[in-house]
Amino acid sequence: MKTVKLTIDNKEIEVDSSLTVMQAANSVGIKIPNLCYDERLDIFGACRMCVVEIEGSKKLQTSCSTKVRDGMVVHTKTEKVIQARREILRLLLDNHPNDCLTCEKAGDCLLQDYAYEYDVKFRNHTGKIRDRYIDDSNPFYVYDAQKCILCGLCVRVCSRLQVTGAIDFVNRGFDTIIGTPFNDGLINSDCVSCGNCVSVCPTGALMPKSKEKFRTWEVEKVKTTCTFCGVGCQINLLTKDDKVVGVEPVKNAVNEGLLCVKGKFSFNFINHPDRLNAPLLKEDGVFKEISWDRAYEIIKEKVDKYMAENGPDSFAGLSSARCTNEENYLFQKLFRAVLKTNNIDHCARL
Amino acid sequence: MEYTFDLEKNKDKLTEYKDFLKMIKATNGALMPALQKAQELFNYLPKEVLKIVSEELRIPLAEIYGVATFYAQFSFIPKGENQISVCLGTACYVKGAQAILEEFEKELGIKQGETTSDLKFSINEARCLGDCSKAPVVMINSTLFPLVKKKDVKKILEDLR
Amino acid sequence: MDKNRLISIKEEKRAKIIENLLQNDLIELVEDKVVLKGDYYKNQLRIALRNCDIINPFDIEEYIAFDGYLALHNVLTNLSQREVVDIMKNSLLRGRGGAGFPTGKKWEEAFTFDADQKYIICNADEGDPGAFMDRSILEKDPHSVLEGMAIGGYAIGANKGFIYVRAEYPQAVKTLKHAIEEAKTLGLLGKDIFKSGFDFDIELRLGSGAFVCGEGTALIESIEGHRGMPRPKLQRTAHVGLWGKPTIINNVETFANVAPIILNGAEWFRSIGTEKSPGTKVFSLVGKIENAGLVEVPMGTKLRDIVFDIGGGCQNNKEYKAVQTGGPSGGCIPKEYLDVAVDFESLASIGSIMGSGGMVVMDENTCMMDIAKYFLEFSVDESCGKCIPCREGTRRMYEILELITEGKAQMSDLEELENLAHVVSDTSLCGLGQTAPNPVITTLKYYKDEYIAHIVDKKCPAKSCKPLITYTISDKCIGCTLCKKNCPVDAIQGELKVKHSIDIEKCIKCGSCYEVCPVKPVKAVEIY
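Computed from a prediction, not measured in an experiment: that's the story for all the values here. Per chain, residue numbering runs from 1 following the sequence as it is written. Chains carry letters from A onward and ligands carry numbers from 1 onward, assigned in written order. Side-chain atom pairs in this predicted model are given and counted only at pLDDT of 80 or more, local residue features only at pLDDT of at least 70, and totals for whole chains, interfaces and linings cover all residues. Derived side-chain values reflect all non-hydrogen atoms in the structure, with water molecules and hydrogen atoms excluded from consideration.

**What about the overall build of chain B?**
Here's step 1: Numbering of helices and strands runs from the N terminus, with a helix taken as a DSSP run of H or I at least four residues long and a strand as a DSSP run of E at least two residues long. Looking only at helices and strands, chain B features 7 helices and 4 strands.
Here's step 2: Beginning at the N terminus, the succession of helices and strands in chain B can be written as α-α-α-α-β-α-α-β-β-β-α.
Here's step 3: For chain B, the spread of C-alpha atoms along the three principal axes comes to 50 × 30 × 25 Å.
Here's step 4: Sorting the 161 residues of chain B into buried and exposed places 54% on the buried side.
Here's step 5: Note on contacts: a residue pair is in contact if any heavy atoms of the two residues lie within 4.5 Å. Sequence separation of 24 or more characterises 61% of the internal contacts of chain B that already satisfy a separation of 6 or more.
Here's step 6: What sets the accessible areas is the Shrake-Rupley method with a 1.4 Å probe; for residues, cover comes only from the shown protein chains. For chain B, the accessible surface area stands at approximately 7,600 Å², while carbon and sulfur atoms represent 48% of it. Accessibility here uses a 1.4 Å probe with only protein chains present; expressed as a share of the type maximum, an area under 20% marks a residue as buried, one over 50% as exposed, and anything in between as partly exposed.

The following block contains the structure:
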């Protein structure tokens, strides 16, 4: 590994020569703001928020798309840099609805955070704002063009990571929006409703359709493993008053911040009254709730009984794709080693 | 303007177009030539045709639509039999091309970017046709009209009718 | 094809062409060199345009007649790749597309970068409104571009070239197609050219109406079949370009200069023009100028010489006000700088740019705010929409200029305009955005008083902004009724031979009355 020495905000550091200035800064805890950067994707360079001053170059440089060089001296917070970022934010706010009071994204919105950090406010102007265009045809999420800052994260996640290519930039210049073919709506597109676009959207432009009303600061995040299949995707359940109100993917995990439609949007059943929360025992044609300990006891009793009466091959086990590899392994082990039968199968073979 | 693509009427053109796609399919960057050919053959980019492009070139339809809406030459309504491009390049602009454009719009009763209902004429503003020394210029199909004056517009249109 | 064949074609054809042109009185021979006849050409030095209007572009032999493909032969049979790169570096030829990057240095970048495949691209997406240099070369001397590309291809090690040409230039496309076929037939393109082992093919790719595709990375995106949105330059295109391969992009005029440099040497080229900007530059001189057309002069020629000696000054004896160089990316040059030397450095020093060579002349009746607005509208329309400053900022700038030209602006708007101009120029992703504010920056610099007149006095000094002018009829009116007859909205009253008057409530300020007023020497219709 070749390394270079450079100075960022008066801090001398030595980093891998293949890094960009932004990555180098991040590696020593210097955060550079950005709205279109995602380490999983190619550099896009659209938001210009990550501009920094590099000694020796007259113009500001975007740190996401500038490679480190030996002897480079970088300043990430000079007045010129801050002024440029403020102006960029102001241009965004000039074309953004002033509805943070009721916007569901409030509190978790990167644009809002930066506007606060850089002290930029909405202002009145007579100029044009982007036309109203809302695509709510998809059952799980909705796109609101007026809140879109065209960072392109959704488009790139859809085509590069999800590899679906359901959406793209449509039109050019000021009239650009994110759209589907012929603006026929997401429901008529190739969209598989994975919701990965929703997960990366920095603003309220792409939002899940929520059954519950909640503010982002009211929720508690509970990290867990998605139970829909054996991949083991890591998710944060967003809970409010012991109710799951949303799901977000965990980035530094096996799923790298991605989910499928089930993991992302299928959580309403958790709070459904019909959902089983405890084992049930049918006695005299009526189900009755019992404890787990009691349930295991009954299973053991029955296994012993039928084993004695009919032998091992009177048992068969059917495992689930929602179990992990490890769980499936243990399940077949239970059948082969304990129950001594090879009658074991898995729903994925169906 | 609502316009339905007539598959039956365009049968021969579609065959020709599919052959063209087969020919260019293997070349790198085939999408632009594919769209250009479609625009040339059908005078616009019908949904049905873009779906064929998507299947043949194995490019998502969304991406094709994104590309098609980016470039000014592609349209989603049929262009007229006579495509009038009024140059609004700098040289033409300083010599009053805006007034020429308005005159065409007035005479045909459509705005730039539109097509007359009989599909005879469409008007587009053009970005410098590169004939600045003869400004203001108008290009109709591939014929260039140099040094156009406002009063010439009527006559030009009459000759085409 | 070999050298003898080239020479024999040349000898056979050249005399015939010259004889024919002399007969038609189109040219004259100066020191055995063919020069187009007339005052307009007298003060020009034509290198890139050397064959334009002299040869038939549809006959490759006519190109060969004027030393065509001799440079390519020399390169392929006598010179190493390194030597070609060195000649280009020594010539100090700078890219004629606008930025002026040294061509030899660019080629060296690609030449020294190891790769299995390299590409050379000719940028023929000439989109600057008011510029048509490249179009003329493509339509009148296509082989000069093909030869230049083949030489470049050899130098950097590319066997494939693309010409990205605007769809708005159908004639150029036709000419190029024909030229490529002819060159292939004669073995000047294709496999094993001049038995040197060097293969080179050229493919045409058409633009589809997006100005931003003149930007190198957007052009690459377009050829690859994507939206023409520029890429951030994490790596140089000379290393990672088209389909990820080392790629050189030069514009039409740059390529047209290559063969003469190879034939006559770098020293010769450097003896023309200025020290830092050698050679000639083609300009398209248009707008309110007496002799509009293409002009090729040595770099460093005074602007005055171009506008007045060659161009003959403004039309109708109007007073010169400014020249806009570099189109929407450039700036205007006012009267006081008429003696500026036209080269990369001098133009930059006064806030304009060389650009690709558009020169639009404005006279006293041109309102500079209107021009700035025009260019900003162009940039708004042509912005790809990828980066925030260009997408949003140019739009806001345009809106302020709209307010100014309608007399609705306040002085604070002017500050905002200036502020936006710097943000857009400092932070935009590509050249289009970075240079889009130039027309505003230069007009603010040189015509601030006109801005103030629009904002404070609500007057347009050039009498061009409709909302800020009023038409009246003076006592000189002879009552001819011509204006009344021509008024499209019946805003003029008056009987025959009696002074007419204009109802300013009805008047739409179309100017028809002013145009037709026959009173001389000063018209009776007056504009305030």
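**Digging into the overall build of chain C**
Here's step 1: Check the secondary structure of chain C and you find 22 helices and 16 strands.
Here's step 2: Radius of gyration means the value over C-alpha atoms here, while the globule rule gives 2.2 Å times the residue count to the 0.38 power. Relative to its length of 528 residues, chain C is compact, with a C-alpha radius of gyration of 26 Å against a globular reference of 24 Å.
Here's step 3: Over its C-alpha atoms, taken along the principal directions, chain C stretches across nearly 85 × 55 × 40 Å.
Here's step 4: Going through the 528 residues of chain C one by one, you find that 61% of them count as buried.
Here's step 5: By sequence separation, contacts in chain C at least 24 residues apart represent 69% of the contacts at least 6 residues apart.
Here's step 6: If you sum the accessible surface of chain C, you get close to 19,700 Å²; carbon and sulfur atoms cover 48% of it.
Here's step 7: One finds the centroid of the 63 positive side-chain charges in chain C at a distance of 2 Å from the centroid of its 74 negative side-chain charges. The charge count treats Lys and Arg as positive and Asp and Glu as negative. His and the chain ends do not count. One atom stands in for each charge, and that atom is NZ of Lys, CZ of Arg, CG of Asp or CD of Glu.

**Side note on a nonpolar patch on the surface**
Here's step 1: Exposure above 30% relative accessible area and no salt bridge define the residues that can form patches, which grow by joining like charges within 9 Å and nonpolar side chains of Val, Leu, Ile, Met, Phe, Trp and Tyr within 5 Å. Put simply, a salt bridge is a Lys or Arg side-chain nitrogen that is within 4 Å of an Asp or Glu carboxyl oxygen. On the surface, Leu276, Leu280 and Phe287 of chain A cluster together into a nonpolar patch covering about 310 Å² of accessible area.
Here's step 2: For Leu280 of chain A, the location among the structural elements is in strand E14 (residues 280-283).

**Points about the confidence of the model for chain B**
Do not read the fine detail of predicted coordinates wherever pLDDT is low.
Here's step 1: Summarising the model, chain B shows a mean pLDDT of 90, and 99% of its residues fall at 70 or more.
Here's step 2: The pLDDT value expresses, per residue, how confident the predictor is, ranging between 0 and 100. Mean pLDDT per element in chain B: helix H5 (residues 90-94) of chain B is the minimum at 78, and helix H4 (residues 61-70) of chain B is the maximum at 97.

**Focus on the UniProt feature "binding site: [2Fe-2S] cluster" (unreviewed entry) in chain B**
Here's step 1: UniProt positions are given in the numbering used here, feature names are shortened, and annotations may be inferred rather than shown by experiment. Listed under "binding site: [2Fe-2S] cluster" (unreviewed entry) in the UniProt record, and renumbered for this structure, are Cys87, Cys92, Cys128 and Cys132 of chain B. Separation in sequence by 46 residues is not matched in space for these annotated residues, since their most distant C-alpha atoms are only 9.3 Å apart.
Here's step 2: Along the polypeptide, Cys92 of chain B turns up in helix H5.
Here's step 3: For Cys92 of chain B, a relative accessible area of 2% puts it in the buried group.
Here's step 4: Setting aside chain neighbours within four positions, we find Cys92 of chain B in contact with Cys87, Ala97, Ala135, Pro136 and Val137 of chain B.
Here's step 5: Looking at the element boundaries, Cys132 of chain B is found in the loop between strand E2 (121-126) and strand E3 (138-140).
Here's step 6: Those residues within four positions of Cys132 of chain B in sequence are excluded, and the remaining contacts are Ala91 of chain B together with Gly130, Ala131, Phe132 and Val286 of chain C.

**A word on the sheet that holds strand E9 (residues 293-298) of chain C**
All names here are of chain C.
Here's step 1: Spatially, the 5 strands line up as an open sheet ordered E9-E8-E12-E10-E11, and their pairing is mixed. What marks the edges here is a single partner per strand, and that holds for E9 and strand E11 (331-334). Taking each pair of neighbouring strands and ignoring which way they run, the sheet shows an average axis angle of 30 degrees.
Here's step 2: For two strands to be treated as a pair, DSSP must find at least two bridges joining them. As judged from the 4 bridges shared by strand E10 (residues 320-325) and E11, these two strands associate in the antiparallel manner. Among the inter-strand pairings, Val323 is bridged to a residue of E11, identified as Ile333. Fitted lines through C-alpha atoms serve as axes, helices being fitted only where they are in contact, and the angles separating the N-to-C directions of these axes extend from 0 to 180 degrees.

**A short note on helix H7 (residues 133-140) of chain C**
Owing to its 3.6 residues per turn, the α-helix brings residues three or four apart onto one side.
Here's step 1: Among the 8 residues in H7 of chain C, 7 count as buried, and that is most of the element.
Here's step 2: Among all positions of H7 of chain C, only Met133, Asp134, Arg135, Ser136, Ile137, Leu138 and Glu139 of chain C are buried.

**Some points on the side chain of Lys386 of chain C**
Here's step 1: With respect to the secondary-structure elements, Lys386 of chain C resides in the loop between helix H15 (368-382) and helix H16 (388-405).
Here's step 2: Within polar-contact distance, the side chain of Lys386 of chain C engages the backbone oxygen of Phe44 of chain A at 2.9 Å.
Here's step 3: Apart from residues no more than four positions distant in its own chain, Lys386 of chain C is found in contact with Phe44, Ala46 and Leu150 of chain A together with Met229, Pro230, Arg231, Pro232, Arg391 and Leu429 of chain C. Side-chain atoms alone can form a polar contact between residues adjacent in sequence; in general such a contact is a pair of N or O atoms within 3.5 Å, and within protein one must be able to donate a hydrogen while the other accepts it.

**Some details on the sheet that holds strand E6 (residues 134-135) of chain A**
Residue and element names in this part refer to chain A.
Here's step 1: Read across the sheet, 3 strands follow the order E6-E7-E10 without closing on themselves; strand pairing throughout is antiparallel. Looking at which strands have only one partner, the edges of the open sheet turn out to be E6 and strand E10 (206-208).
Here's step 2: Pairing between E6 and strand E7 (residues 141-144): 2 bridges, direction antiparallel. Paired with Asp135 across the bridge in E7 is Tyr143.

**Description of the domain arrangement of chain C**
Residue and element names in this part refer to chain C.
Here's step 1: By the assigned domains, chain C splits into domain 1 (3-270), domain 2 (280-363), domain 3 (368-455) and domain 4 (470-527).
Here's step 2: With 25 residues of domain 1 at the contact, the number on the domain 2 side is 28 residues.
Here's step 3: Contact with domain 2 buries surface across domain 1, with Tyr40, Arg96 and Met133 losing the most and accounting together for 28% of the total.
Here's step 4: One can count 2 salt bridges joining domain 1 with domain 2.
Here's step 5: The closest approach of N and O atoms between Lys281 and Glu253, which form a salt bridge, is 2.6 Å.
Here's step 6: Summed over the shared surface of domain 1 and domain 2, the number is 14 residue pairs in polar contact (both at pLDDT 80 or more).
Here's step 7: Listing elements by their share of the side of domain 1 that touches domain 2, those giving two or more residues are H7 and helix H11 (252-264).
Here's step 8: Classification convention: Asp, Glu, Lys, Arg as charged; Ala, Val, Leu, Ile, Met, Phe, Trp, Tyr, Cys, Pro as nonpolar; all other residues, Gly among them, as polar. For the side of domain 1 that touches domain 2, the residue count by class is 11 nonpolar, 9 polar and 5 charged. Each domain's limits were defined by an automated method or a database of domain assignments. By buried area we mean how much accessible surface two parts lose on assembly, using a 1.4 Å probe and totalling the loss over both.

**Some remarks on the interface of chain C and chain B**
Here's step 1: With 46 residues of chain C in contact, the opposing surface of chain B contributes 31 residues.
Here's step 2: Note on chain C versus chain B: buried area summed over both sides is about 3,000 Å², and carbon and sulfur give 56% of it.
Here's step 3: On the chain C side of the contact with chain B, Ser208, Arg227 and Tyr374 of chain C bury the most area, a combined 21% of that side's loss.
Here's step 4: Our count for the chain C to chain B interface comes out at 0 salt bridges.
Here's step 5: Run the count over chain C and chain B and you get 15 residue pairs in polar contact (both at pLDDT 80 or more).
Here's step 6: Residue assignment for the side of chain C that touches chain B shows that the elements contributing at least two residues are strand E6 (198-206), helix H10 (216-223), strand E8 (280-287), strand E12 (358-363) and H15 of chain C.
Here's step 7: For the side of chain C that touches chain B, the element with the most residues is H15 of chain C, which contributes 8 residues.

**Some points on the domain arrangement of chain B**
Here's step 1: On domain assignment, one finds that chain B holds domain 1 (11-70) and domain 2 (82-160).
Here's step 2: Placing the centre of domain 1 of chain B and that of domain 2 of chain B at their C-alpha centroids yields a distance of 29 Å.

**Looking at the interface of chain C and chain A**
Here's step 1: Counting residues at the interface gives 33 residues for chain C and 37 residues for chain A.
Here's step 2: Our count for the contact surface shared by chain C and chain A stands at 4 salt bridges.
Here's step 3: A salt bridge links Arg172 of chain A to Glu382 of chain C, with the nearest nitrogen and oxygen atoms 3.2 Å apart.
Here's step 4: Summed over the shared surface of chain C and chain A, the number is 19 residue pairs in polar contact (both at pLDDT 80 or more).
Here's step 5: Contributions of two or more residues to the side of chain C that touches chain A are made by H15, H16 and helix H17 (411-427) of chain C.
Here's step 6: The leading source of residues in the side of chain C that touches chain A is H16 of chain C, at 8 residues.
Here's step 7: For the side of chain C that touches chain A, the residue count by class is 11 nonpolar, 10 polar and 12 charged.

**Topic: unusual backbone geometry**
Here's step 1: In this model, Ala135 of chain B is joined to Pro136 of chain B through a cis peptide bond whose omega is -5 degrees.
Here's step 2: Along the chain, Pro136 of chain B falls in the loop between E2 and E3.
Here's step 3: Note the cis peptide between Lys520 of chain C and Pro521 of chain C, where omega equals 0 degrees.
Here's step 4: A positive phi angle, near 45 degrees, is found at Trp243 of chain C, a position not held by glycine.
Here's step 5: Along the chain, Trp243 of chain C falls in the loop between H10 and strand E7 (247-251).
Here's step 6: Backbone geometry at Thr481 of chain C places phi at a positive 70 degrees, although glycine is not the residue there.
Here's step 7: In this structure, Thr481 of chain C sits in the loop between strand E13 (471-473) and helix H21 (482-486).
Here's step 8: Residue class for Thr481 of chain C comes out buried when judged on its relative accessible area of 12%.

**Here's the deal with H4 of chain B**
Here's step 1: Most of H4 of chain B is tucked away, with 9 of its 10 residues classed as buried.
Here's step 2: Here H4 of chain B has its buried residues at Leu61, Ala62, Ile64, Tyr65, Gly66, Val67, Ala68, Thr69 and Phe70 of chain B.
Here's step 3: Where H4 of chain B is buried, its residues contact strand E8 (168-170) of chain A together with helix H2 (31-42) and helix H3 (47-57) of chain B.

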